[in-house]
Amino acid sequence: MPPSAFLRPNLPSVIAALAGGVGAAKFLAGLVRSEPPREITAIVNVADDQEFHGLYVCPDIDSVTYTLGGVNNTKLGWGRESETFRTIDELGRFGVANWFRLGDLDLATHIFRTDQLRKGRTLAEVTNHITRSFEIEATLIPATNDRITTVITAAAANGEPHDLAMQEWFVRDRCEPIVRAVHFEGADGASPAPGVLAALADAEIIVICPSNPVISIGPLLAIPGIKDLLADRRDRVVAISPIVAGAPVKGPADLLMRPLGIEVSCFGVAEQYREFCSTVVFDIVDQDQAERIEAVGVRCVSADTMMTSPDVAAKLAGIVVGAMR
Ligand code: FO1
């Protein structure tokens with residue numbers, strides 16, 4: 001089979017979405033209920049990717065895939081539903097570090113992806129194959145086929161700063177080391193994956209999903225070409241704030257934003273994105289932030305952003321899209 005056999009024909013991309021993991025996955029599950037899925041292209045962060053036990057794991061791509069495929073584990077917030085962990089537990093027998101909990105079903109995805117990458121297919125081609133296997137109609141594209149890695153420079157209280165991969169800081173060290181700096185190794189020399197710039201250039205609406213602005217959206221913006229294109233299309237770009245009432249809905253965004261000087265609020269998100277984003281959707285509880293946000297040149301829309309069900313997410317997606325039409 002030629003490597004491109006699983007690539008889709010170039011369909012017009014009506015909505016392009018920049019996506020991280022869980023928050024993006026929930027929003028996209030709403031978006032595909034509110035808009036035709038075939039008109040949606042999600043450009044997904046790959047800087048959290050890491051090899052475990054020789055397998056190439058893409059947590060954000062998999063969160064979005066499993067959620068859109070209706071097989072995500074809603075209790076854990078990652079991985080597959082009805083998951084078991086017998087294989088990863090058994091690896092412990094050999095003295096192997098198994099703090100990153102790869103489930104038995106999830107392992108099939110990583111085995112398939114790793115094998116295909118070794119056979120010479122690109123990450124975009126393999127991602128397309130995997131999403132089709134889960135009968136997903138929207139298009140998912142990794143932001144790049146190149147290897148980029150989030151590196152968190154962190155220190156325990158009074159400790160020497162040291163570099164950690166995202167999963168080491170987040171899962172193994174439970175976000176305890178204090179963040180001093182973040183950079184995206186390899187991003188400068190990376191190219192957007194085929195279809196990324198075209199999706200952004202052609203989209204009627206570009207949505208920045210409610211994802212961590214530092215480690216989910218940050219790596220996408222660091223890939224040459226993406227931020228400039230967003231800035232050119234600023235009037236078409238809308239972001240949903242992942243921060244509600246001064247705290248992240250889920251995840252460690254506050255522990256990354258605060259040390260980097262970004263206010264932990266929907267205002268902080270708007271300020272961070274203002275060069276390339278015309279509109280921010282924030283939660284109704286943050287109505288008092290509207291004046292500050294408008295003062296930095298970003299239009300405000302309020303909505304219920306707490307996506308407690310796919311129905312609430314679909315309603316939010318309808319408001320986001322409606323605000324840009
Ligand atoms: N998150 C955890 O908190 N603990 C885990 O053991 C864990 C395993 C895991 C395995 C596969 C996968 O795709 C994701 C996994 N995650 C786990 C989630 C992951 O760390 C985060 O969701 C993202 O990297 C943040 O976007």
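Definitions and cut-offs
- Residues numbered from 1 in each chain as written.
- Predicted model: local features only at pLDDT ≥ 70, side-chain atom pairs only at ≥ 80, totals over all residues.
- Heavy atoms only, no water.
- Pairing = 2+ DSSP bridges.
- Helix = DSSP H or I, 4+ residues; strand = E, 2+ residues; numbered from the N terminus.
- Axes fitted to C-alpha atoms, helices over the stretch in contact; angles between N-to-C directions.
- Contact = heavy atoms within 4.5 Å.
- Parallel < 35°, antiparallel > 145°, perpendicular 65-115°, else oblique.
- Nonpolar A, V, L, I, M, F, W, Y, C, P; charged D, E, K, R; others polar.
- Buried < 20%, exposed > 50% of the residue type's maximum accessible area, 1.4 Å probe, protein only.
- Core = buried A, V, L, I, M, F, W, Y, C linked by side-chain atoms within 4.5 Å.
- Near = heavy atom within 4 Å.
- Polar contact = N/O pair within 3.5 Å; in protein donor to acceptor, adjacent residues only side chain to side chain.
- Salt bridge = Lys/Arg side-chain N within 4 Å of Asp/Glu carboxyl O.

**A few points about the sheet that holds strand S8 (residues 178-185)**
Here three strands make up an open sheet; going across it, the order is S7-S6-S8 and the pairing antiparallel. In this open sheet, the two strands that pair with only one neighbour each are strand S7 (162-165) and S8. Neighbour-to-neighbour, the strand axes of the sheet open up by a mean angle of 30 degrees, direction not taken into account. Bridge analysis of strand S6 (residues 149-155) against S8 gives seven bridges, and the strand direction is antiparallel. Looking across to S8, one finds that Val-151 is bridged to His-183. Sitting on the sheet, helix H8 (residues 213-222) is in contact with S6 and S8, with an inclination near 30 degrees to S8.

**Considering the packing of helix H1 (residues 22-34) against helix H13 (residues 310-323)**
Interhelical geometry of H1 versus H13 gives an angle of 70 degrees and a closest axis separation of 7 Å. With respect to H13, the element H1 is oriented roughly perpendicular. Residues Lys-26, Phe-27, Gly-30, Leu-31, Arg-33 and Ser-34 of H1 lie in contact with H13, whose contacting residues are Pro-310, Asp-311, Ala-313, Ala-314, Leu-316, Ala-317, Gly-318, Val-320 and Val-321. Of the residues contributing to the contact of H1 with H13, the split by class is nine nonpolar, three polar and three charged.

**Quick notes on the pairing of strand S1 (residues 15-19)**
Most of S1 is tucked away: five of the five residues are buried. Side chains Ile-15, Ala-17 and Ala-19 project from S1 onto one buried face, and the interleaved Ala-16 and Leu-18 project onto a second face that is buried too. Here S1 runs beside strand S2 (residues 40-44); their pairing, made up of five bridges, is parallel. Pairing of Ala-16 across the sheet is with Thr-41, part of S2.

**A look at the nonpolar core**
Membership of the largest hydrophobic core comes to 94 residues, with the highest contact counts inside it found for Phe-27, Leu-28, Leu-200, Val-207 and Leu-230. Those residues in contact with Leu-28 that sit more than four places away from it in its chain are Ala-17, Ala-19, Ala-42, Val-64, Leu-68 and Cys-209. Ranked by size, the runner-up nonpolar core spans eight residues in total, among them Phe-52, Leu-55, Phe-100 and Leu-102.

**Remarks on the site of the ligand**
Asp-48, Asp-60, Trp-78, Arg-101 and Gln-167 are the nearest of the 13 residues found near the ligand. The contact in question runs from an oxygen atom of the ligand to an N or O atom on the side chain of Asp-60, over 2.8 Å. For the shell around the ligand, the elements supplying multiple residues, two or more each, are helix H2 (59-68) and helix H6 (166-172). When residues of the shell around the ligand are assigned to their parent elements, the largest contribution, four residues, is made by H6. For the shell around the ligand, the residue count by class is eight nonpolar, one polar and four charged.

**Regarding the pattern of salt bridges**
The full count for this structure, using the stated rule, is 11 salt bridges. Asp-311 serves as the salt-bridge partner of Arg-33, at 2.6 Å between the closest nitrogen and oxygen. Here Asp-311 lies in helix H13 and Arg-33 lies in helix H1, a separation of 278 residues in the sequence. Judged by relative accessible area, Arg-33 falls into the exposed class, the value being 52%. Judged by relative accessible area, Asp-311 falls into the exposed class, the value being 54%. Among the salt bridges present, the one from Lys-119 reaches Asp-115, with a minimum N-O distance of 2.7 Å. Residue class for Lys-119 comes out exposed when judged on its relative accessible area of 59%. Each of Glu-35, Glu-204 and Arg-325 takes part in salt bridges that share partners, so that together they form one network.

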